[in-house]
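An overview of the molecular structure
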There are 2 protein chains.
Amino acid sequence: MSELRREPVSGRWVIIATERAARPTDFKTNPQIIKSSFCPFCEGNEDKTPPEILAYRDNGAMPNTGGWRVRVVPNKFPALQVEGEQNKRGEGIYDIMNGIGAHEVIIESPRHIQSLTSLDNGNVKEVLLCYRDRLIDLKNDKRFVYGLLFKNVGFSAGASLEHTHSQLIVTPIVPQLVENEMENAKTFYQHRERCLFCDMVQQEIDTNSRIIILTDNFVAFAPFASRFPFEIWILPRKHEAHFESLQKFEIDDLATVLKGVLTKLEAILDFPPYNYVIHSAPFNINESESFHWHIEIIPRLTNIAGFEWGTGFYINPMHPEQAAETLRNSIP
Amino acid sequence: MSELRREPVSGRWVIIATERAARPTDFKTNPQIIKSSFCPFCEGNEDKTPPEILAYRDNGAMPNTGGWRVRVVPNKFPALQVEGEQNKRGEGIYDIMNGIGAHEVIIESPRHIQSLTSLDNGNVKEVLLCYRDRLIDLKNDKRFVYGLLFKNVGFSAGASLEHTHSQLIVTPIVPQLVENEMENAKTFYQHRERCLFCDMVQQEIDTNSRIIILTDNFVAFAPFASRFPFEIWILPRKHEAHFESLQKFEIDDLATVLKGVLTKLEAILDFPPYNYVIHSAPFNINESESFHWHIEIIPRLTNIAGFEWGTGFYINPMHPEQAAETLRNSIP
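Residues numbered from 1 in each chain as written. Chains lettered and ligands numbered in written order. Predicted model: local features only at pLDDT ≥ 70, side-chain atom pairs only at ≥ 80, totals over all residues.

**What about the overall build of chain A?**
Inclusion rule: Every helix listed is a DSSP run of H or I at least four residues long, and every strand listed is a run of E at least two residues long, numbered separately from the N terminus. Just to be clear, the radius of gyration here is over C-alpha atoms, and the globule rule we use is 2.2 Å times residues to the power 0.38. Working definition of burial: number of other C-beta atoms within 10 Å of the residue's own, with buried at 20 or more, exposed at 12 or fewer, and partly exposed in between, all C-beta atoms being placed from the backbone. C-beta atoms are placed from the backbone for every residue, and two residues are taken to be in contact when these atoms lie within 7 Å.
When helices and strands are tallied, chain A shows six helices and 15 strands. Its C-alpha atoms give chain A a radius of gyration of 20 Å, within 12% of the compact-globule value 20 Å for 332 residues. Expressed as lengths along the three principal axes of its C-alpha atoms, the size of chain A is roughly 50 × 50 × 40 Å. Buried positions account for 50% of the 332 residues belonging to chain A. Taking as baseline every contact in chain A between residues at least 6 positions apart, the subset at least 24 positions apart corresponds to 69%.

In structure tokens:
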């Protein structure tokens, strides 16, 4: 079982997961995704993954056989596992607990497609519905407090398989970066009695220089302090703390916006490696006036160097206004 | 001139430095350092860098000519520049200021050597002396509050030239990661009236399972919550907030320890890409009972993926105790 460890200087938690060293890409020598004629995520190979947790299937199809459209399975090399006790303990000044949590893979298509943008709109909606269903299910387990949905595309963004997929890691602790965002948003709310993110949405729409796509329910923009060229954030225009509170009509709209910005990114940068992450409020918070869920999309074009590691500053060689203009003007 | 921008959600500052897009490696297509027969850092090419700020030279040699052992020049593509006004201002909910600061390159050898470990011990000491001299000089400028010394080795660690060198970026703001460490250390001090780092040094020496090199003045160890395989921290055993307070005899010892751990790292991992950063107290803090300077060495073996971007957690496939044992048992 993996371990969660924390040292008090940075306050950072790390997961020591030695089982994962078995992954062929963990110590990279040849920087690319292993191309193989065999893909465990393709329809027909359902017995090559751990048994499925959820699948959207055509009527009558049996679990762990073909006939699915989106399928969720446990990660074969999980960072955290569901079974067991947390056993929180100290080692002098350090904190340690067992690696309890969940680590799931959302396989977005039965076909060997490499990009979410190659899915039809209905399929993208089902991927987002699946995100919602998994969060709603996992928050019933009171040991868990946070679920991070994320996507790795391309080797340098951490992907080890090319078949389009997302991941969900559920942790027994609120992640430091989310905690930090929540605290900043709370401080803002205490001073102004308004949601920081709602103010951001309004200012971006008013300024209009960093908008990429604007719909009835969502705004996609290049953030004012973009860390990377072509960084994109997507925020719901209506205040909502939890991703899993999304209504059906909002999911339809979000599918269009997400596929839209990714299509633009791929058109401009020729299918770059990228990550996206969804920041939602923790499971154990019912409502929040101050926190507002959002998606951060990070193209992986530049290397992280010592300055970034040492400071938390980022050096971005492109104005976000220029990135937004380029993305806005690109197809579709 | 570059801009410093901050959004209030993450509280993160970014430097928008569009001049740096001219650097050939900024948008990587071919993942390696550009190998060229010409190197602007080699002795004889002094006119190919901006005029030197400091050099340790043999007697009688003229500035910006040969005859130096360590040489400091402004970065040709600076992230921040010395001349100008800060002009701090707001844009609605956002903060912005001009990119005032300093960005220097410490060229560690007149010869085309690719690793600090190929320098003789006297030369490594002079590199560290040079770090100290530059910090002492730059802290006289009251606009500046922080100086980060760091090193990028290898393309994937952000290096664009292979000739062994370090960098110093001086900022008008205390970096978020340093601020965070200072706050955690201060909280610890308020509860226990002891330095957190001093306790860590003591616990590591007592436990002895993560020690790599222990000398009279320094301890190098694999941190309890290592983010990456073979991560190494070096701490002075005696409490000291500022790197630049180092005494001559301590520099001699540190040179041995730094070269020692890097030699071990290179032996085990066959000259891996890596970064190191020096965390020292800000310029505007005279003394600190709670903060303790240290070096963090980060081998760049694994890719950062969505989970890390989204949480600030790291997944490390190797126990630090195992990393320490491997490093301890390796030459020299």
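**Re the environment of Arg 71 of chain A**
Residues and elements named next belong to chain A. Here Arg 71 lies in strand E4 (residues 68-74). Residue classification places Arg 71 among the buried positions, given that 25 C-beta atoms sit within 10 Å. A C-alpha to C-alpha distance of 23 Å links Arg 71 and Pro 273, two positions 202 residues apart in sequence. Setting aside residues no more than four positions away along its own chain, Arg 71 makes contact with Glu 52, Ala 55 and Ile 107.

**What to know about helix H4 (residues 248-269) of chain B**
The line we're drawing: A helix's residues, less one, multiplied by 1.5 Å, set its expected span.
With 22 residues, H4 of chain B extends 32 Å from end C-alpha to end C-alpha; this agrees with the ideal 32 Å at 1.5 Å per step. Directly beyond the C-terminal end of H4 of chain B, a positive phi value near 55 degrees is found at Asp 270 of chain B.

**Side note on the nonpolar core**
As a reminder, the rule being used: Buried Ala, Val, Leu, Ile, Met, Phe, Trp, Tyr and Cys residues whose C-beta atoms connect them within 7 Å together make up a nonpolar core.
Among the nonpolar cores identified, the biggest contains 194 residues, and Val 261 of chain A together with Val 261 of chain B are the most heavily contacted of them. What Val 261 of chain A contacts, discounting residues up to four positions off in sequence, is Ile 212, Ile 213, Ala 220, Ile 232, Ile 297 and Leu 327 of chain A.

**Examining the interface of chain A and chain B**
As a reminder of what qualifies: Following the grouping adopted for this structure description, the nonpolar residues are Ala, Val, Leu, Ile, Met, Phe, Trp, Tyr, Cys and Pro, the charged ones are Asp, Glu, Lys and Arg, and the polar ones are all others, Gly among them.
Between chain A and chain B, the contact holds 74 residues from the first and 74 residues from the second. Taken together, the elements giving at least two residues each to the side of chain A that touches chain B come down to strand E1 (3-6), strand E2 (13-16), strand E8 (146-153), helix H2 (176-192), helix H3 (196-207), strand E13 (274-279), helix H5 (306-311) and strand E15 (314-316) of chain A. When residues in the side of chain A that touches chain B are grouped by element, the largest group, eight residues, is from H2 of chain A. Grouping the amino acids of the side of chain A that touches chain B by side-chain chemistry returns 41 nonpolar, 22 polar and 11 charged.

**A closer look at the sheet that holds strand E3 (residues 54-57) of chain B**
Residue and element names in this part refer to chain B. Short version of the rule: At least two bridges found by DSSP between two strands are what make those strands a pair. What counts as an axis is a line fitted to C-alpha atoms, over the stretch in contact for a helix, and the angles between N-to-C directions run from 0 to 180 degrees.
The strand order E3-E4-E7-E9-E8-E13-E14-E12-E11-E10 describes an open sheet built from 10 strands, whose pairing is antiparallel. The open sheet has two edge strands, E3 and strand E10 (211-214), and neither has a second partner. Adjacent strand axes in the sheet meet at a mean angle of 15 degrees when their direction is disregarded. Note that strand E13 (residues 274-279) and strand E14 (residues 294-299) share six bridges and pair antiparallel. Counted as the bridge partner of Val 277 is Glu 296 from E14. H4 contacts E10, strand E11 (218-221), strand E12 (232-236), E13 and E14 of the sheet and is inclined by roughly 15 degrees relative to E11.

**Focus: the relation of the copies chain A and chain B**
Using the following cut-off: Least squares is used to superpose the copies, and the fit set is the C-alpha atoms of residues whose pLDDT is at least 70 in both copies.
When chain A is fitted to chain B, the residual RMSD is 0.0 Å, and the transformation amounts to a turn of 180 degrees plus an axial shift of 0.0 Å. In the structure described here, the two chain copies are related by an operation that fits a two-fold rotation axis. A share of 100% of the interface residues of chain A reappears at the interface of chain B, consistent with the copies meeting face to face through the same patch.

**Digging into the domain arrangement of chain A**
Residue and element names in this part refer to chain A. Note the cut-off: These domain limits were set by an automatic method or by a database of domain assignments.
According to the domain assignment, chain A contains domain 1 (3-26 + 39-114 + 141-173) and domain 2 (177-329). Its C-alpha centre places domain 1 at a distance of 24 Å from the equivalent point of domain 2. Facing 14 residues of domain 1, the contacting portion of domain 2 comprises 12 residues. Residue composition of the side of domain 1 that touches domain 2, grouped by class: nine nonpolar, four polar and one charged.

**Side note on the packing of helix H1 (residues 121-138) of chain A against helix H4 (residues 248-269) of chain A**
All names here are of chain A. What counts here: Our angle categories are set so that under 35 degrees counts as roughly parallel, over 145 as roughly antiparallel, 65 to 115 as roughly perpendicular, and the remainder as oblique. Crossing chirality is assigned from the near helix's rotation relative to the far helix, an anticlockwise turn below a right angle marking it left-handed and a clockwise turn marking it right-handed.
Here H1 crosses H4 at 110 degrees, and the two axes come no closer than 9 Å. Considered as vectors, H1 and H4 are oriented roughly perpendicular to each other. Along this stretch, H1 crosses H4, giving a crossing that reads as right-handed. Residues Asn 121, Val 124, Lys 125, Leu 128 and Leu 129 of H1 touch H4, and the partners they reach there are Ile 251, Asp 252, Leu 254, Ala 255, Thr 256, Leu 258 and Lys 259. Counted by class, the contact of H1 with H4 contains seven nonpolar, two polar and three charged residues.

**Digging into unusual backbone geometry**
One non-glycine residue, Glu 193 of chain A, lies in the positive phi region at around 55 degrees. Tracing the sequence through the fold places Glu 193 of chain A in the loop between H2 and H3. Residue class for Glu 193 of chain A comes out exposed when judged on the 9 C-beta atoms lying within 10 Å of it. In this structure, Asn 64 of chain B is a non-glycine residue whose phi angle is positive, near 60 degrees. With respect to the helices and strands, Asn 64 of chain B occurs in the loop between E3 and strand E4 (68-74).

**Brief notes about the pairing of E13 of chain B**
All names here are of chain B. Burial runs high along E13: six of the six residues are buried. Side chains Tyr 274, Tyr 276 and Ile 278 of E13 all project onto a buried face; the interleaved residues Asn 275, Val 277 and His 279 project onto the opposite face, where all are buried too. In this structure, strand E8 (residues 146-153) lies alongside E13, joined through five bridges in antiparallel fashion. Its bridge partner being in E13, Lys 151 is matched across the sheet by Tyr 276.

**What about the sheet that holds strand E3 (residues 54-57) of chain A?**
Residue and element names in this part refer to chain A. Spatially, the 10 strands line up as an open sheet ordered E3-E4-E7-E9-E8-E13-E14-E12-E11-E10, and their pairing is antiparallel. Each edge of the sheet is formed by a strand with only one pairing partner; in this case those strands are E3 and strand E10 (211-214). On average, each strand axis in the sheet is tilted by 15 degrees relative to the strand beside it, whichever way the strands run. Taken together, the five bridges between E8 and strand E9 (residues 165-171) define a ladder with antiparallel strand orientation. Residue pairing for E9: Phe 150 is matched across the bridge by Gln 167.

**Points about the pairing of E4 of chain A**
Moving residue by residue along a regular strand, the side chains alternate between the two faces of the sheet. Residues and elements named next belong to chain A. The element E4 is extensively covered by neighbouring structure, given that five of its seven residues are classed as buried. In the sheet, E4 pairs with strand E7 (residues 102-107) via four bridges, with the strands oriented antiparallel. Looking across to E7, one finds that Pro 74 is bridged to Glu 104.

**Quick word on the confidence of the model for chain A**
Put simply, the test is: pLDDT: the predictor's confidence for each residue, scored from 0 to 100.
Residue-level pLDDT values for chain A average 94, and 95% of them are 70 or greater. Taken together, the chains of this predicted complex give a pTM of 0.95 and an interface ipTM of 0.93.

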